[in-house]
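# Structural overview
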Amino acid sequence: MSTPDDILTMELVYADPAELPNTLFGGADMAASSVEQLFKMPLPFKEANNEDKPIVNNKIEAVSPGYELKYALEGHQRHITAVRFAPGGDWLTSASADSLLKLWDLGTAQLNKTLTGHVLGINDVAWSPDGKFMASCSDDKTIRLWDPHGGLCLRTMEGHAGYVFACSINPQANLIASTSFDCTVRLWDVRNGKSLKIIPAHMDPISSVDFNRDGTLFVTGSFDGLVRIWDTISGQVLKTLIDEDNSPVGYVKFAPNGRYILAAYLNSQIKLWNFQKPKCLRIYRGHTNLKYCIAVKFSVTAGMWIVSGSEDSSLYIWSLQSKELVQKLNAHAHEIICTDCHPKLNLIATGALQNSENLRIWQSSETVIELNK
């Protein structure tokens, strides 16, 4: 295993197709797995092979997710900064530059509650895995813990010296990780709101943070162009992933099994990393991402897709396996910077940098598309 110092100086290596794993996510039987199990177990991966796809008139047929508008949710007066489905799938939370969190009932597509407390725009929101509470972070330099159904702020955590840009709750629901423009990561005790660790993690503002499936690791992405993987208990860096262009990192996300990382760069590229080697396995292109930190997500409820917004106001969906763009949807009038995929249903939520018609939910109906051979 390379040491962090070795990684900082090593040459970037891209995976040879022959070296790609037979199962990108470890090899589970999808037919035997429920949707809930998919988020706990490894997912199957089949090497992209055009020979397996039907060819008609020199074109290859592929499945498109076929997402179409289901709901347009109105309520925020400023642009949307984050959207998150609740783990149980009954609720959607939206965060906005208007300093409000809104809780939406997906059964009725109606607003259930508005949570107030932050005094400046909210940058991120996260649900606890059991769905009992949420955490949010804001330009007011605080992290707040919420009882979403009671509509109450349980506690406010202060300590960051700059805007708090991202937050994540570990699987055990006892730690919150927050990242800031002060270039630090803080780990907070959910029980009492105390800061347990302060980690000077990057040289530039830290845009994103995410825990792996068992909470032993967390990953950060920064404007310094680095993706770093950390040991949660010790707070020590274990790996550093370096993009050859050294472009700022806008978003990072662990794969459902925690063995791979999806990273969005401000050069209009999304990279799938095997961070243990480390190697870049896939690059997804076609969208525009040069200015904003745009969320990227895994969708596994039907096909296996990579989902991202774009600065051209479209929603982009790629095949995880083949890297093919399977759907581009003109979803909003302005830049889409946040998306989330429903844990059980074929739904995607999108939020845009506009002051109205800024929050939408899309539903899939798979169709067959033709790709040039």
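Here goes a summary of the coordinates provided. All values derive from a computational prediction rather than experimental measurement. (Residues numbered from 1 in each chain as written. Predicted model: local features only at pLDDT ≥ 70, side-chain atom pairs only at ≥ 80, totals over all residues. Heavy atoms only, no water.)

### What to know about the sheet that holds strand S29 (residues 347-352)
Sheets are built from strands paired through backbone hydrogen bonds, the pairs being either parallel or antiparallel. Within the open sheet, the four strands sit side by side as S3-S30-S29-S28. Their pairing is antiparallel. Two strands lie at the open edges of the sheet, namely strand S3 (67-73) and strand S28 (336-341), each paired on one side alone. Taking the axes of each pair of neighbouring strands and ignoring which way they run, one obtains an average angle of 25° across the sheet. Pairing of S29 with strand S30 (residues 359-364), which is carried by five bridges, proceeds in the antiparallel orientation. Of the residues in S30, the one forming a bridge with Ile 348 is Trp 362. (Pairing = 2+ DSSP bridges. Helix = DSSP H or I, 4+ residues; strand = E, 2+ residues; numbered from the N terminus. Axes fitted to C-alpha atoms, helices over the stretch in contact; angles between N-to-C directions.)

### Considerations on the packing of aromatic side chains
Overall, the coordinates contain eight aromatic pairs when judged by the stated rule. Arranged with centres 6.2 Å apart and planes meeting at 10°, the rings of Phe 218 and Trp 230 form a pair that is stacked. Separated by twelve residues along the polypeptide, Phe 218 in strand S17 (residues 217-222) and Trp 230 in strand S18 (residues 226-231) bring together distant segments of the chain. A relative accessible area of 0% means that Phe 218 is categorised as buried. Here Trp 230 falls in the buried class, since its relative accessible area comes to 4%. The interplanar angle of 55° and the centroid separation of 6.2 Å between the aromatic rings of Tyr 284 and Trp 318 together place this pair among those described as tilted. Here Tyr 284 is found in strand S23 (residues 279-284), whereas its partner Trp 318 is found in strand S26 (residues 314-319), with 34 residues between them in sequence. (Phe/Tyr/Trp six-rings, centres within 6.5 Å; stacked < 30°, edge-to-face > 60°. Buried < 20%, exposed > 50% of the residue type's maximum accessible area, 1.4 Å probe, protein only.)

### Concerning the pairing of strand S14 (residues 184-189)
Counting buried positions over the six residues of S14 gives six, a clear majority of the element. Across the two faces of S14 the burial is the same, with Thr 184, Arg 186 and Trp 188 and Val 185, Leu 187 and Asp 189 all buried. Note that strand S13 (residues 175-180) and S14 share five bridges and pair antiparallel. The residue of S14 that forms the bridge with Thr 179 is Val 185. Hairpin connection from S13 to S14: three residues lie between these consecutive antiparallel strands, with Cys 183 at a positive phi of about 70°. Taken together, the five bridges between S14 and strand S15 (residues 195-200) define a ladder with antiparallel strand orientation. Each residue of the ladder has a partner; that of Arg 186, found in S15, is Ile 198. Taking the residues that link successive antiparallel strands as the turn, the S14-S15 hairpin has five residues, and the phi of Gly 193 there is positive, at about 75°.

### Some words on the environment of Gly 258
Relative to the helices and strands, Gly 258 resides in the loop between strand S20 (249-254) and strand S21 (261-265). Along the chain, Gly 258 and Phe 211 lie 47 residues apart, while their C-alpha atoms are 8.3 Å from each other. Those residues in contact with Gly 258, other than ones at most four positions away along the chain, are Asn 212, Arg 213 and Phe 275. (Contact = heavy atoms within 4.5 Å.)

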